[in-house]
Amino acid sequence: MSASQPQAGEPVRIAIAMKGYPRLSETFIAQELLGLQQRGVRFEIWSLRHPTDPDRHLMHRQIAAPVRYLPEYLHDEPARVGRGLRSALRRPGLFRLLPVFLRDLARDATRNRWRRFGQACVMARELPAGIRHLHVHYLHTPASVIRYAALLRGLTWSFSAHAKDIWTTPDWEKREKIADAAWGVTCTQDGHRELERLSDRPGTVSLVYHGLDLTRFPAPPERSRRDGLQPVDPVRLVTIGRAVEKKGFDDLLAALALLPMGLHWHLTHIGGGEKLAALKRQAEELGLSDRIVWAGPKAQGEVIAALREADLFVLPSKQAGDGDRDGLPNVVMEAASQALPIVATDFAGIPEFVRQGVEGLLVPPGDVAALAEALAALAAGPERRAGMGDAAHARLTGAFSAGAGLDAVAAQLRRSAGAAP
């Protein structure tokens, strides 16, 4: 049997948890799960929520791990929650958990905090006896459930922190979770600095870029040299992401309204999200609706097809009012996989990949005029676009392949679970 495949007789010793599974917007999690499977790591998947997306990626279908769903709301499954609570009362780990939970509850006296406690009791009861280690994606709500379940069961746990969880979770909560965890990883220098600031054990949190598994992507296509001068063949722009404040799509629409009248362009947006209706209204008010396609959420095959048809990728990320912000969005690297030049903001983890004037153009977050100027410059410059697109593809293949990061996470998980490499 290939060394890259899980051994049939090897027991499952690891449970990996996340807020919702599967999700179209979280290709980085699906990529990691599939990569761990290909490296022979056996695990279960635990999700706090059932899926809501209309489709799933091919990667999700290739992941063989069993998926278990916790009660999304405790009142939905009272008998199951009751069994979890009764089981917790008989566990010695309850004496470890109660002081931690009550201290958390004193600072966050919400129904959500009680929900996390109930979900943890259910998980602790239902985890197979052979599980030795828990790993969780996101340091906010999912990590609370995993931390509590680990205390109840006397297990070690670790985390992968990403973006919103780093920037919207209170410092006291992040600090205590980092102290309790065996180890953690995060995917940008920006996030790594923040978590290291809160850790009293240097080296607990490692910087591990998601990168991209390039075997899932075709070679970049040959592109036409559109210059925006032909109404029948406009420059094709594409942007991808959930319609939420931190993505800055309202700024993008405002910038598009500033482009020269003689520059012909067309935008495709891929993604769902709570602000989609508001963005469509904004586009209508700005007179842009006939130049924009709102494609909705798409599986990765359709995302790649849209990238291959485009001339320019744009993502004007910014900080949301609640502090939420991007890390290094996977869609930036996916655009690079198809040799697209990138217009984005000089913010969060984006400049860790995109260097100004090399792989694309960076503008200050929220600066609509600068965004319009960058879009106009590259829309009208096919030769410049081609050079930046080639540079983006070279940077991806040379420094941001997923293999090294997946090897590191797989090794850490094996050590934590006590499994032989």
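Procedures and definitions
- The residue numbers shown here count from 1 along each chain, following its written sequence.
- At least 70 in pLDDT is required for a residue's local features to be given in this predicted model, at least 80 for side-chain atom pairs to be given and counted, and no such filter applies to totals for whole chains, interfaces and linings, which use all residues.
- Heavy atoms from the whole structure form the basis of all side-chain values; hydrogens and water molecules are not counted.
- Helical segments are the DSSP runs of H or I of at least four residues, strand segments are the runs of E of at least two, and each set is numbered from the N terminus.
- The span one expects for a helix is its residue count, reduced by one, times 1.5 Å.
- Accessibility here uses a 1.4 Å probe with only protein chains present; expressed as a share of the type maximum, an area under 20% marks a residue as buried, one over 50% as exposed, and anything in between as partly exposed.
- Contact between two residues is taken to exist if any of their heavy atoms lie within 4.5 Å; hydrogens are not considered.
- Paired strands are those between which DSSP finds at least two bridges.
- For helices, the fitted axis covers only the stretch in contact; all axes are lines through C-alpha atoms, and the angles between them, taken along N-to-C directions, range from 0 to 180 degrees.
- Each angle gets one of four labels, with under 35 degrees taken as roughly parallel, over 145 as roughly antiparallel, 65 to 115 as roughly perpendicular, and the rest as oblique.
- We call a crossing left-handed when the near helix sits turned anticlockwise from the far one by less than a right angle, and right-handed when that turn is clockwise.
- For this classification, the nonpolar set comprises Ala, Val, Leu, Ile, Met, Phe, Trp, Tyr, Cys and Pro, the charged set comprises Asp, Glu, Lys and Arg, and every other residue, Gly included, is treated as polar.
- Side-chain atoms within 4.5 Å are what join buried Ala, Val, Leu, Ile, Met, Phe, Trp, Tyr and Cys residues into a set we call a nonpolar core.
- With the strands aimed away from the viewer, a crossover counts as right-handed if its path from the first strand over the helix to the second runs clockwise.
- For every residue, the predictor states its confidence as a pLDDT score lying anywhere from 0 to 100.
- What counts as a ring pair is set by centres within 6.5 Å for rings of Phe, Tyr and Trp (its six-membered ring), and what kind of pair is set by the plane angle: stacked under 30 degrees, edge-to-face over 60, tilted for all other angles.
- Criterion for a charge above a ring: Lys NZ or Arg CZ within 6 Å of the ring centre, and within 35 degrees of the ring normal.

### A short note on helix α14 (residues 368-379)
For α14, spanning twelve residues, the distance from its first C-alpha to its last is 16 Å, which sits close to the expected 16 Å at 1.5 Å a residue. Among the twelve residues that make up α14, nine are buried, leaving the element largely enclosed by the rest of the structure. Where α14 is concerned, the buried positions are V368, A370, L371, A372, A374, L375, A376, L378 and A379. Buried residues along α14 sit against β8 (235-240), α10 (249-256), β11 (312-315), β12 (342-345), β13 (360-363) and α15 (382-399).

### What about the sheet that holds strand β5 (residues 156-161)?
Read from one edge of the open sheet, seven strands run β3-β2-β1-β4-β5-β6-β7, paired in parallel fashion. A strand with exactly one partner marks an edge of an open sheet, and here the two such strands are β3 (67-69) and β7 (205-207). When the angles between neighbouring strand axes are averaged without regard to direction, this sheet yields 25°. In this structure, strand β6 (residues 183-186) lies alongside β7, joined through three bridges in parallel fashion. Counterpart to V185 in the pairing with β7 is S206.

### Brief notes about the sheet that holds β8
Ordered in space as β10-β9-β8-β11-β12-β13, the six strands form an open sheet in which the pairing is parallel. Strands at the two margins of the open sheet, each flanked by one partner only, are β10 (292-296) and β13. On average, each strand axis in the sheet is inclined to that of its neighbour by 20°, with strand direction left out of account. The pairing of β12 with β13 spans four bridges and is parallel. Looking at β13, one finds that A344 is bridged to L362. Contacts from helix α12 (residues 300-309) reach β8, β9 (265-270) and β11 within the one sheet, and its direction differs from that of β8 by about 150°. Across the sheet, helix α13 (residues 330-337) touches β8, β11 and β12, and the angle it forms with β11 is around 170°.

### So, the packing of helix α6 (residues 141-153) against helix α8 (residues 171-180)
Where α6 meets α8, the closest approach of the two axes is 11 Å, and the angle between their N-to-C directions is 40°. As the angle between them shows, α6 and α8 are arranged oblique. Handedness of the α6/α8 crossing: left-handed. Of the residues in α8, those touching α6 at A143, S144 and R147 are E173, E176, K177 and D180. Looking at the contact of α6 with α8 residue by residue, the class counts come to one nonpolar, one polar and five charged.

### Quick notes on unusual backbone geometry
Put simply, Y21 and P22 share a cis peptide bond, and its omega is -5°. If you trace the backbone, P22 turns up in the loop between β1 (14-20) and α1 (27-38). Of note in the backbone geometry, Y138 takes a positive phi value of approximately 90° without being a glycine. Y138 gets classed as buried once you look at its relative accessible area, which sits at 12%. Residue A348 is not a glycine yet carries a positive backbone phi of 55°. Turning to its location among the elements, A348 is positioned in the loop between β12 and β13.

### A look at the nonpolar core
Counting 60 residues, the largest nonpolar core has L256, F313, F353 and L375 as the members making the most contacts within it. If you tally residues by element for this core, the top one is α14, at nine residues. Sequence-distant contacts of L256, defined by excluding residues within four places in its chain, comprise L237, W265, L267, L288 and L375. Counting 41 residues, the second largest nonpolar core, distinct from the first, contains A88, L94, A149 and L151.

### So, the pairing of β9
β9 sits mainly inside the fold: five of its six residues count as buried. A crossover links β8 with its parallel partner β9, the connecting element being α10, and its sense is right-handed. Two elements, β9 and β10, share four bridges in a ladder whose sense is parallel. Counterpart to T268 in the pairing with β10 is V293. As for the winding sense of the linkage, the β-α-β connection from β9 through helix α11 (residues 276-285) to β10 is right-handed.

### Regarding the confidence of the model for the protein
Across the protein, the average pLDDT comes to 95, with 97% of residues at 70 or higher. Below a pLDDT of 50 lies the segment residues 1-7, which in the model reaches 18 contacts outside its immediate sequence neighbourhood of four places, other chains included.

### Thoughts on the packing of aromatic side chains
Taken as a whole, this structure holds seven aromatic pairs when the rule is applied. Here W157 and F159 contribute two aromatic rings whose centre-to-centre distance is 6.3 Å and whose plane-to-plane angle is 45°, an arrangement assigned as tilted. For W157, a relative accessible area of 3% gives the class buried. Of the residues examined, F159 reaches a relative accessible area of 0% and is grouped as buried. Their ring planes at 75° and their centres at 5.0 Å tell us that F353 and F400 sit as a pair that is edge-to-face. A residue pair is termed long-range when its members are at least 10 positions apart, and F353 in the loop between β12 and β13 and F400 in the loop between α15 and α16 (403-417) qualify at 47 residues. We note that F353, like F400, is buried. The rings of F101, W114, F117 and Y148 are connected pair by pair, giving a single aromatic cluster. Taking the ring centre of W167 as reference, the NZ or CZ of R325 above it sits at 4.2 Å. Over the ring of F353 we find R395, and its NZ or CZ is 5.9 Å from the ring centre.

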